[in-house]
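A closer look at the structure
So the chains spell out like this:
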Amino acid sequence: MATEKETSIEAAADRYRSFLHEEANNTQWRHGGPPIYDAVNKLFEDGRKREWPKGSLEETVQNAIKSWEMELSHKTRLQDFRTINPEKFKLFVNGREGLSGEETLKLGSYNALLKTSLPKEFQYYKADEESFESSHDVFRSAFPRGFAWEVITVFSGPPVIAFKYRHWGFFEGPFRGHAPTGEMVEFYGMGILKVDETLRAEEVEIYYDPAELFAGLLKKPVRSSSNADQNKQSTTIHGCPFSKDNVM
């Protein structure tokens, strides 16, 4: 029987994240080793709207974004990233001021994508009050089977790649005291990816309506304070050292 470490490394040979099984031995992983994407890959394969031909522009863009998200969520040093140009990288979300690679890495993907300039009382999710770890715990709890991502259309090829995407998952765990519905939560968005001659990202622009995400998460009222406290505690529990990821 394979050890936990052997199992995690074997599973890291991921068909959608090109660099996951090609990493140097000195890569610093957030959870001690490369993540396992089995659950979200199954969700993706069962629920995708498009199945792109191998080697197509659409598949290339889709896998590039999945690989970038993998690095952002699971590597702790920007120098280990292979999907971006660290010196030039900027992330722009819904027209806000761009974040550098280091700023994006510090915040984490959820906080970077969900930051807003709305007054606190109108914020569905307060990114400024969440850490990298707590933000991932919140959404892993809400979407235990994963939150899959796919490219729907690619409008232009490199060096400026414009595309439409879809994000979806099943709300089967608690979210900030709101009971799960078991229903699919999904939203669509647009993206612009500017790449260099080696296809490393220099700028990523993401546009979407966060209300489409939170409408599905806030359908049920907040439960009693005792249940909500228990829910909050449950989101801080971590699994094995090699994280089984559920994003994209």
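Residues numbered from 1 in each chain as written. Predicted model: local features only at pLDDT ≥ 70, side-chain atom pairs only at ≥ 80, totals over all residues. Heavy atoms only, no water.

**Considerations on the overall build of the protein**
Each helix and strand in the protein was counted, giving 8 helices and 6 strands. Secondary structure of the protein in N-to-C order comes out as α-α-α-β-β-α-α-α-β-β-β-β-α-α. Residues classed as buried in the protein amount to 48% of the 248 residues present. Accessible surface for the protein amounts to roughly 12400 Å². Of this, 52% is attributable to carbon and sulfur atoms. (Helix = DSSP H or I, 4+ residues; strand = E, 2+ residues; numbered from the N terminus. Buried < 20%, exposed > 50% of the residue type's maximum accessible area, 1.4 Å probe, protein only. Areas by Shrake-Rupley, 256 points an atom, 1.4 Å probe, with all protein chains shown as cover.)

**Section: the packing of aromatic side chains**
Enumeration according to the criterion identifies 16 aromatic pairs in this entry. Ring centres of Tyr110 and Phe139 lie 4.5 Å apart, and the angle between their planes is 15°; on these two criteria the pair is classed as stacked. Linking Tyr110 in helix α5 (residues 109–114) with Phe139 in helix α6 (residues 132–142), this pair joins segments that are 29 residues apart in sequence. Tyr110 sits in the buried class, given a relative accessible area of 8%. Ring pairing ties together the aromatic residues Phe143, Phe147, Trp149, Phe163, Tyr165, Phe187 and Tyr208, which thus form one cluster. (Phe/Tyr/Trp six-rings, centres within 6.5 Å; stacked < 30°, edge-to-face > 60°.)

**Focus on the pattern of salt bridges**
A complete count under the given rule lists 17 salt bridges for this structure. One salt bridge in this structure joins Glu45 and Arg15, with 3.4 Å as the shortest N-O distance. In this pair, Glu45 is assigned in helix α2 (residues 38–47) and Arg15 in the loop between α1 (4–11) and α2, connecting sequence segments 30 residues apart. Given a relative accessible area of 30%, Glu45 falls into the partly exposed group. For Arg15, a relative accessible area of 64% corresponds to the exposed category. Notably, a salt bridge pairs Asp46 with Lys42, separated by 2.6 Å at the nearest N-O pair. Within this pair, Asp46 and its partner Lys42 are both found in helix α2, separated by 4 residues, close to a single helical turn. Pair check on accessibility: Asp46 and Lys42 agree, each one exposed. Linked through salt bridges whose partners overlap, the residues forming this network are Glu150, Arg166 and Glu186. (Salt bridge = Lys/Arg side-chain N within 4 Å of Asp/Glu carboxyl O.)

**Some thoughts on the nonpolar core**
If you look at the biggest cluster of nonpolar residues, it comprises 43 residues, and the most contacted ones within it are Leu91, Phe139, Phe143, Phe163, Leu213 and Leu217. The next biggest cluster of nonpolar side chains, apart from the first, holds 9 residues, and it includes Trp29, Tyr37, Leu43 and Trp168. (Core = buried A, V, L, I, M, F, W, Y, C linked by side-chain atoms within 4.5 Å.)

**Focus: α6**
Counting buried positions along α6 yields 9 of 11 residues, so the element is predominantly enclosed. Among the residues of α6, Phe132, Ser135, His136, Asp137, Val138, Phe139, Arg140, Ser141 and Ala142 are the ones counted as buried.

**Describing α2**
Where α2 is concerned, the buried positions are Val40, Asn41, Leu43 and Phe44. Down the axis of α2, the smallest arc covering the buried residues is 160°, so these residues share one side. In α2, those exposed residues whose orientation departs by more than 90 degrees from the buried face are Asp38, Lys42 and Asp46. Looking at the buried side of α2, the elements it contacts are α3 (57–74), β3 (147–154) and β4 (160–170). (Arc of directions from axis to C-beta. Contact = heavy atoms within 4.5 Å.)

**Points about the side chain of Glu69**
Relative to the assigned elements, Glu69 resides in helix α3. Buried Glu69, no salt bridge; nearest opposite-charge side chain is Arg17, N-O distance 5.3 Å. Here Ser73 takes part through its side chain, which lies 2.5 Å from a polar atom of the side chain of Glu69. Glu69 has contacts with Tyr37, Ser109, Val247 and Met248, leaving out every residue within four places of it along the chain. (Lys, Arg positive; Asp, Glu negative; His and termini not counted. Polar contact = N/O pair within 3.5 Å; in protein donor to acceptor, adjacent residues only side chain to side chain.)

**Quick notes on the confidence of the model for the protein**
Within the protein, residue pLDDT values average 87, and 83% of them lie at 70 or more. Ignoring residues within four places in sequence, the model shows residues 1–12, a span with pLDDT below 50, making 14 contacts including any to other chains. Ignoring residues within four places in sequence, the model shows residues 226–242, a span with pLDDT below 50, making 24 contacts including any to other chains. (pLDDT = per-residue confidence, 0-100.)

**Focus: the side chain of His136**
Positionally, His136 belongs in helix α6. If we skip the residues at most four places from it in the chain, His136 touches Ser73, Ser109 and Tyr110.

**Comments concerning the sheet that holds strand β2 (residues 99–100)**
Ordered by their spatial adjacency, 6 strands build an open sheet running β2-β1-β6-β5-β4-β3, and the pairing between neighbours is mixed. Each end of this open sheet is capped by a strand with a single partner; those strands are β2 and β3. Where strand β1 (residues 90–93) and β2 come together, 2 bridges link them in antiparallel fashion. Bridge pairing in β2 places Lys90 opposite Ser100. (Pairing = 2+ DSSP bridges.)

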